[in-house]
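Given next are the chains, with one letter for each unit.
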Amino acid sequence: MAQMSEKDREAVKKELLDLNNPVKIINFTQETECTYCRETRELMEETASLSDKVSVEVYDFVKDKNIADKYGIDKIPATIIMGEKDYGIRFYGIPTGYEFASILTDIKMVSSGDSGLGSQMKEYLKTLNSKVHLQVFVTPTCPYCPAMVVMAHQMAFESINVKGDMVEASEFPHLTQKYKVMGVPRTIINEEHFVEGRVPENMLLSQVKLALYNNKK
């Protein structure tokens, strides 16, 4: 079943027209007991079909456990956007609504080989030697969420020590409760530190530094 209208398909095709390098989408799914797994898989397959530079691989979360473990996938639906290597870019839950723009932005970023981050952030990430895990909780109707998701993914693209997750809040209520997500976007940094709302790049950088400083105490 098509997840995009013909109008949307044409718009996405134009967005993906000038890709430079190949991009791979990896989707983890299962046929039963997974809300939006089928829809997410279909959306990723449809997206990949609109550009000869984008390919898609689909794996069963249970049957292909060794592959899921290889990529550190612990919940589904899960989607990875990668190029020649895995940059740590993850989507957990269906990236629809405003979040579909994050998928397209990530594809173009990976294909171009440039994160688009500012020089201050890039310089910091070059010297980063601590692990940073960013979990950005979102909903499809949140217009401010994609900016935070993309920023987390840009950071993951720049540094092997950063992993950036989009987490669709309503699909993972146990995580929403664990991290006390009352509004979105809410960005969790290394489990204990958080950032509320959409913030500029320099503010996220300062919060990452603070989280790492607190972790060392």
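Since this is a predicted model, take the numbers as computed values, not measurements.

Caption draft 1: Representation of the pattern of salt bridges. By the definition in use, this model includes 15 salt bridges. When the shortest N-O distance is used, the salt bridge between Lys75 and Asp74 registers 3.0 Å. Taking the relative accessible area as the measure of exposure, Asp74 reaches 53% and is therefore exposed.

Caption draft 2: Spatial organisation of the side chain of Asp60. Locating Asp60 in the fold gives a position in strand E2 (residues 54–60). In this structure, Asp60 is buried with no salt-bridge partner, the nearest side chain bearing the opposite charge being Lys63 at 4.9 Å. If sequence neighbours within four positions are ignored, Asp60 has contacts with Thr29, Gln30 and Lys65.

Caption draft 3: Spatial organisation of the nonpolar core. Within the largest apolar cluster, 49 residues are counted, with the highest numbers of intra-cluster contacts made by Ile81, Ile107, Met155, Leu204 and Val208. No other element matches the 8 residues that helix H6 (residues 145–158) contributes to this core. Apart from the residues lying within four places of it in its own chain, the contact partners of Ile81 are Val23, Lys24, Ile25, Ile89, Phe91, Ile103, Asp106, Ile107 and Val110. Phe28, Val167, Leu175 and Ile188 belong to the second largest nonpolar core, which has 22 residues in total.

Caption draft 4: Expanded view of the pairing of strand E8 (residues 193–196). Here E8 shows one buried face, formed by His193 and Val195, and one open face, formed by Phe194 and Glu196. Bridge analysis of strand E7 (residues 186–189) against E8 gives 4 bridges, and the strand direction is antiparallel. Residue pairing for E8: Thr187 is matched across the bridge by Val195. Here E7 folds back onto E8, and the loop between the two strands holds 3 residues, one of which, Asn190, carries a positive phi near 50°.

Caption draft 5: Spatial organisation of the environment of Val208. Among the structural elements, Val208 can be located in helix H8 (residues 201–216). Overall, Val208 belongs to the buried group, its relative accessible area being 1%. Sequence separation between Val208 and Tyr179 is 29 residues, and the spatial gap between their C-alpha atoms is 17 Å.

The rules we used
- Residues numbered from 1 in each chain as written.
- Predicted model: local features only at pLDDT ≥ 70, side-chain atom pairs only at ≥ 80, totals over all residues.
- Heavy atoms only, no water.
- Salt bridge = Lys/Arg side-chain N within 4 Å of Asp/Glu carboxyl O.
- Buried < 20%, exposed > 50% of the residue type's maximum accessible area, 1.4 Å probe, protein only.
- Helix = DSSP H or I, 4+ residues; strand = E, 2+ residues; numbered from the N terminus.
- Lys, Arg positive; Asp, Glu negative; His and termini not counted.
- Contact = heavy atoms within 4.5 Å.
- Core = buried A, V, L, I, M, F, W, Y, C linked by side-chain atoms within 4.5 Å.
- Pairing = 2+ DSSP bridges.

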